[in-house]
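Commentary on secondary and tertiary structure
One-letter residues, chain by chain:
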Amino acid sequence: MDAKAKRPEEPPPEARDGFVRVRGAREHNLKDVSLDIPRNELVVFTGVSGSGKSSLAFGTLYAEAQRRYLESVSPYARRLFHQMQVPDVDVVEGLPPAVALQQQRGSPTTRSSVSSVTTLSNLLRMLYSRAGDYPRGQPLLYAESFSPNTPEGACPNCRGIGRVHRVDERTLVPDDALTIRERAVAAWPSAWQGQNLRDILVTLGYDVDRPWRELPKKDRDWILFTEEQPTVPVYAGYTPAETRRALKKKEEPSYMGTFTGARKYVLQTYATTQSAMMKRRVAQFLSSDDCPVCKGKRLKPEALSVKFARLDIAEMSRLPLKKLEALVKPYIDRAEPNEAHPEKALVVQRIVKDLAGRLEVLLDLGLGYLTLERSTPTLSPGELQRLRLATQVRSNLFGVVYVLDEPSAGLHPADTEALLRALKHLKASGNSLFIVEHELDVVRRADWIIDVGPAAGEQGGKILYSGRLAGLAEVKSSQTRRFLFGETAEPTRKVREPIGWLKLRGVTRNNLGGLNADLPLGVLTCVTGVSGSGKSTLVSQFLVEAVAERLGQRREADPDEGELEERVRTLGGEIAEGLDRIKRLVVVDQKPIGRTPRSNLATYTGLLDHVRKLFAATKPARARRYDAGR
């Protein structure tokens, strides 16, 4: 606690039942923190990055709430949860059940979508099942029949993916001037397994030293597309002539090898490998198209024949949420009577009323541009958190602590008011809101401020202030105070002039239609606009892909892509001028930098190599011991 700061407001003894009491919190960089946090209030945790805000809100409060809940369930059920580490804290009292809404990327599968995250898919399936317009003579379908993720609903040809994978000679053999020995079959592994397959072909009598294009078509087709898997003797290191002599003399082989055709290897590896790296490698030899049976709609023909408002369920899922709400809302008051099924009108009204209510919350949070079929890996962390927030607003839970991680991230200031209305609704329902936040507009609307600091890491972890907003003005050591109460002057600097212009013409992609834009080079440029306006489409998608293509830089596949799906394509647009001034493209995005426990800041930034060189230059013996310890 800052000695010169106003002391936090202490609740009177008779009012302490309305507080969460934390004593001796030492998670991460927290310095034996003790404080009282009011329930049924909007509480915002502030401080510089790394000060300990998340360690207190998530690492201590939410982790303790989760630990208490998991103690009440069976050990078997406990394994199904992603369990946080038990927090390092002496006592936490008065803590209600907690729900965490964190900044995290979507589930790495295209089967997870906006509709599944918001549970709107359940309502839509029920609507089509019970109130859809069926073709004459078609029996009633269950709700599961309208889901591409169930055997009852998935298209039998593409298994509910909507895409079919295709392997052809052009993708498997990109350079037909090469020989098999020169790895013309690029889809095969480059290590020992690839050499093994080439040695097997020698044993089988195929010419591995003849350019691929000169081989008989019958031979090429068998090597690439056969389903046969013959097992033959392999003579490692032998030339073709030596192999023929060894076979004739029936020499003892190095080993027995089993052949696998290139297509079979690619499809089998893509379907079964647990390695994301291997999956990305073989995916480059696959091409995919819309399923010819379901036309990319992922469902059986029976389900697609059922209509509501003259649309099948796949067509309705492709509508932006704003248009979807406008389409279904009139059915709340106007449901067409059906003499054969008089209950149908009531079913429509009840389901549509719930559907429209959920859509209203999503639109209020600025998400009206999304579609229900949009897969979660393509969403930003901020969009995903707002989707979960909208679901909680409609859940009607009370007596819960919601712990949120920067819910304003990715929001335009124009959308912040909508976010605050959603938070206010949750609080009015009898819930507590604990929010880690940097956005000053949200901080100013808080009922209670907990400022952590004063700096990051070892210099943080202390509670500088806990109380009503006005009291923070007296805490001199608080960095938040300086910005919150206007004590920082706008920085003055000399404005640089552009050294050239990157001129984009006719960009047509997603919601951009024939857009023209001139981007200055050699200066810091910000592209702004409300959520969903097309900023990311212009910069992170079109600009990155267009520049990379012109520079000959190959884009790495997204490790979050769990399925091979059609990428969004640019329908029109070019860089008309300015590319001659660009020599290299570096993309910095919000994806995680490491995915294994071995990945850390030292390895990612290259600092580890510098440390090793430093040790080697000063004390070689210590460097050798250091390497051994790694």
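Being a predicted model, the structure only gives us computed values, none of them experimental.

Thresholds applied
- Residues numbered from 1 in each chain as written.
- Predicted model: local features only at pLDDT ≥ 70, side-chain atom pairs only at ≥ 80, totals over all residues.
- Heavy atoms only, no water.
- Helix = DSSP H or I, 4+ residues; strand = E, 2+ residues; numbered from the N terminus.
- Buried < 20%, exposed > 50% of the residue type's maximum accessible area, 1.4 Å probe, protein only.
- Contact = heavy atoms within 4.5 Å.
- Areas by Shrake-Rupley, 256 points an atom, 1.4 Å probe, with all protein chains shown as cover.
- Patch = residues over 30% accessible without salt bridge, like charges linked within 9 Å, V, L, I, M, F, W, Y side chains within 5 Å.
- Salt bridge = Lys/Arg side-chain N within 4 Å of Asp/Glu carboxyl O.
- Expected span 1.5 Å × (residues − 1).
- Pairing = 2+ DSSP bridges.
- Axes fitted to C-alpha atoms, helices over the stretch in contact; angles between N-to-C directions.
- Left-handed = near helix turned anticlockwise from the far one by under 90°.
- Nonpolar A, V, L, I, M, F, W, Y, C, P; charged D, E, K, R; others polar.
- pLDDT = per-residue confidence, 0-100.
- Parallel < 35°, antiparallel > 145°, perpendicular 65-115°, else oblique.
- Phe/Tyr/Trp six-rings, centres within 6.5 Å; stacked < 30°, edge-to-face > 60°.

1. Let's talk about the overall build of the chain
- The helix and strand tally for the chain stands at 22 helices and 16 strands.
- For the chain, the residues scored as buried account for 42% of the 630 residues in total.
- The contacts of the chain with a sequence gap of at least 6 include a subset with a gap of at least 24, amounting to 67%.
- Total accessible area computed for the chain in this model is approximately 34600 Å², and 51% of it derives from carbon and sulfur atoms.

2. Considering unusual backbone geometry
- Cis geometry marks the peptide bond from Gly453 to Pro454, where omega comes out at 5 degrees.
- Following the sequence through the fold, Pro454 ends up in the loop between β12 (448–453) and β13 (462–467).
- The phi torsion at Lys295 lies on the positive side, around 60 degrees, for a residue other than glycine.
- With a phi close to 45 degrees, Glu406 is a non-glycine residue in the positive phi region.

3. Concerning a nonpolar patch on the surface
- On the surface, a cluster of nonpolar side chains totalling about 490 Å² of accessible area is made up of Tyr69, Tyr76, Leu80 and Phe81.
- With respect to the helices, strands and loops of the structure, Phe81 is situated in the loop between α2 (75–78) and β4 (89–93).
- Since its relative accessible area comes to 37%, Phe81 is described here as partly exposed.

4. Describing helix α16 (residues 413–428)
- With 16 residues, α16 should reach 22 Å at 1.5 Å per residue; the first-to-last C-alpha distance of 23 Å fits that figure.
- Every buried residue of α16 is listed here: Asp415, Thr416, Ala418, Leu419, Leu420, Ala422, Leu423 and Leu426.
- Next to the buried residues of α16 lie α14 (343–364), α15 (381–393), β10 (401–405), β11 (432–436) and α17 (440–444).
- Positioned one or two residues after α16, Gly430 has a phi angle of 95 degrees, which is positive.

5. Details of the pairing of strand β2 (residues 33–38)
- Here β2 lies mainly inside the structure; 5 of its 6 residues are buried.
- Sheet topology note: the strand β1 (residues 19–25)/β2 ladder contains 5 bridges and is antiparallel. The residue of β2 that forms the bridge with Phe19 is Pro38.

6. Here we look at the side chain of Gln392
- As for its position among the elements, Gln392 is in helix α15.
- The exposure class assigned to Gln392 is buried, which follows from its relative accessible area of 16%.
- Beyond its immediate chain neighbours, meaning those up to four positions away, Gln392 contacts Val99, Leu101, Leu397, Tyr402 and Leu426.

7. Some thoughts on the packing of α15 against α16
- The geometry of α15 relative to α16 is characterised by a closest axis approach of 10 Å and an angle of 35 degrees between their N-to-C directions. The hand of the α15/α16 crossing is left-handed. Residues Leu389, Gln392 and Val393 of α15 lie in contact with α16, whose contacting residues are Leu419, Ala422, Leu423, His425 and Leu426.
- Taken together, the residues of the contact of α15 with α16 break down into 6 nonpolar, 2 polar and no charged.

8. A closer look at the sheet that holds strand β3 (residues 42–46)
- Across the sheet, which stays open at both edges, the 6 strands sit in the order β5-β10-β11-β3-β12-β13 with mixed pairing between neighbours. Sheet topology places β5 (98–101) and β13 at the edges, where each strand pairs with a single neighbour. Ignoring strand direction, the axes of neighbouring strands in this sheet form an average angle of 15 degrees.
- In terms of strand pairing, β3 meets β11 through 4 bridges, oriented parallel. The residue of β11 that forms the bridge with Leu42 is Leu433.
- Across the face of the sheet, helix α1 (residues 53–70) comes into contact with β3, β5, β10, β11, β12 and β13 while running at roughly 140 degrees to β5.
- Along the sheet, α15 makes contact with β5 and β10, crossing β5 at roughly 150 degrees.

9. Description of the confidence of the model for the chain
- Mean pLDDT over the chain: 86, with 87% of residues reaching 70 or higher.
- β3 holds the highest mean pLDDT among the elements of the chain, 97, whereas helix α22 (residues 620–629) holds the lowest, 54.
- The low-confidence segment residues 1–9 (pLDDT under 50) makes 19 contacts with residues lying over four places distant or belonging to another chain.
- Residue range residues 11–15 is modelled with pLDDT below 50. Its contacts to residues more than four positions away, or to other chains, number 3 contacts.

10. Observations regarding the packing of helix α4 (residues 120–131) against α14
- Here α4 crosses α14 at 160 degrees, and the two axes come no closer than 10 Å. Judged by the inter-axis angle, α4 sits roughly antiparallel to α14. Note that α4 runs across α14; the crossing there is left-handed. Contact residues: α4 offers Leu120, Leu123, Leu124, Met126, Leu127, Arg130 and Ala131, while α14 offers Lys344, Val347, Val348, Ile351, Val352, Asp354, Leu355, Arg358, Leu359 and Leu362.
- For the contact of α4 with α14, the residue count by class is 13 nonpolar, no polar and 4 charged.

11. A closer look at helix α7 (residues 217–225)
- Among all positions of α7, only Arg220, Trp222, Ile223 and Leu224 are buried.
- Where the residues of α7 are buried, they touch α5 (169–172), α6 (192–203) and α9 (262–272).

12. Examining the sheet that holds β4
- Strand order in the open sheet formed by 3 strands is β2-β1-β4, with antiparallel pairing between adjacent strands. The sheet is open, and its two edges are formed by β2 and β4, each paired on a single side. Averaged over all pairs of adjacent strands, the angle between their axes in this sheet comes to 5 degrees, without regard to strand direction.
- This element, α1, spans β1, β2 and β4 of the sheet and lies at about 70 degrees to β4.

13. Focus: the packing of aromatic side chains
- Counted under the stated rule, the structure contains 10 aromatic pairs.
- Judged by centre distance (5.5 Å) and plane angle (15 degrees), the rings of Tyr206 and Trp222 are stacked. Linking Tyr206 in the loop between α6 and α7 with Trp222 in helix α7, this pair joins segments that are 16 residues apart in sequence. This pair shows no difference in class: Tyr206 is buried, exactly as Trp222 is.
- A ring pair is formed by Phe308 and Tyr331, whose centres lie 4.9 Å apart and whose planes are at 45 degrees; its orientation type is tilted.

14. Description of the pattern of salt bridges
- Per the counting criterion, the structure on display carries 32 salt bridges.
- A salt bridge links Asp36 to Arg23, with the shortest nitrogen-to-oxygen separation between them at 3.0 Å. Within this pair, whereas Asp36 is found in strand β2, its partner Arg23 is found in strand β1, the two being separated by 13 residues in sequence.
- Overall, the relative accessible area of 31% leaves Arg23 in the partly exposed class.
- Salt-bridge contacts for Asp90 lead to Arg26; the nearest nitrogen and oxygen are separated by 2.8 Å. Taken together, the positions of Asp90 in strand β4 and Arg26 in the loop between β1 and β2 put the pair 64 residues apart, joining distant regions of the chain.
- Given the relative accessible area of 30%, Arg26 is considered partly exposed.
- Ionic contacts of the salt-bridge type, sharing partners, join the residues Arg26, Asp32, Asp88 and Asp90 into one network.

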